[in-house]
Amino acid sequence: MRALPALASLAAVSAVAGCAESETGRLSGAVTYRGAPVSHGTVLVSRGDGDYRNVRFVAFSGGRYEVLDLVPGDHWVTLHAAAGVPASRDGVIPGLPHITPVERGDNTLDIAIK
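The rules we used
- Residues numbered from 1 in each chain as written.
- Predicted model: local features only at pLDDT ≥ 70, side-chain atom pairs only at ≥ 80, totals over all residues.
- Heavy atoms only, no water.
- Core = buried A, V, L, I, M, F, W, Y, C linked by side-chain atoms within 4.5 Å.
- Buried < 20%, exposed > 50% of the residue type's maximum accessible area, 1.4 Å probe, protein only.
- Helix = DSSP H or I, 4+ residues; strand = E, 2+ residues; numbered from the N terminus.
- Contact = heavy atoms within 4.5 Å.
- Pairing = 2+ DSSP bridges.
- Salt bridge = Lys/Arg side-chain N within 4 Å of Asp/Glu carboxyl O.

Caption draft 1: The nonpolar core, seen in detail. Of all hydrophobic cores here, the largest spans 21 residues; its most connected members are Tyr65, Leu79, Ile111 and Ile113. Those elements that place two or more of their residues in this core are β1 (25-33), β3 (40-47), β4 (56-61), β5 (64-70), β6 (73-82) and β9 (111-113). Setting aside its immediate chain neighbours within four residues, Ile113 contacts Thr32, Tyr33, Arg34, Leu79, Val85, Ile93, Pro94 and Leu96.

Structure, rendered in structure tokens:
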């Protein structure tokens, strides 16, 4: 019976440890073109320091995207491909990229293309 209080204590410690603030950031938001949600595409996120070794391509659908586990700091955010959004021959979508600061925890950036 001594194991039961020890297990209860371990569960309490685990619950408190799980509440600790994350060291990384989460970036999410809506993707719209002329006010309507973009059905699907790919968001490209990279550190704003010019180090492109950590570029992330994240598929999205339903007009919303989410990128997890970003190191805090400035990030470039752009669309690599988006259904129904015109791009130039080199794939650049006018008005992008956005440079946005990402902090620990939840961050929001809505990408609205006109």
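Still more to cover.
Caption draft 2: Spatial organisation of the pairing of β3. Most of β3 is tucked away, with six of its eight residues classed as buried. Pairing analysis gives six bridges linking β3 to β4, with the strands arranged antiparallel. Across the sheet, the residue bridging to Val43 is Val58, located in β4. In this structure, β3 lies alongside β6, joined through seven bridges in antiparallel fashion. Note that in β6 the partner of Thr42 across the bridge is Ala81.

Caption draft 3: Quick peek at the pattern of salt bridges. In this structure the tally under the stated criterion is three salt bridges. The salt bridge partner of Glu23 is Arg104, with a shortest N-O separation of 3.1 Å. Residue Glu23 is found in the loop between α1 (3-18) and β1, and its partner Arg104 is found in the loop between β7 (98-102) and β8 (105-108); the two are separated by 81 residues along the sequence. Given the relative accessible area of 45%, Arg104 is considered partly exposed. Here Arg26 and Asp106 are joined by a salt bridge, their closest N and O atoms 3.3 Å apart. Of this pair, Arg26 sits in strand β1 while Asp106 sits in strand β8, and the two are 80 residues apart along the sequence. Put simply, Arg26, Glu66 and Asp106 are held in one network by salt bridges that share partners.

Caption draft 4: Examining unusual backbone geometry more closely. Phi is positive for Arg34, which is not a glycine, with a value near 55°. Position of Arg34 relative to the elements: it lies in the loop between β1 and β2 (36-37). Classification of Arg34 by relative accessible area gives exposed; the value is 64%. A positive phi angle, close to 60°, is found at Asp69, a residue other than glycine. By secondary structure assignment, the location of Asp69 is in strand β5. For Asp69, a relative accessible area of 55% puts it in the exposed group.

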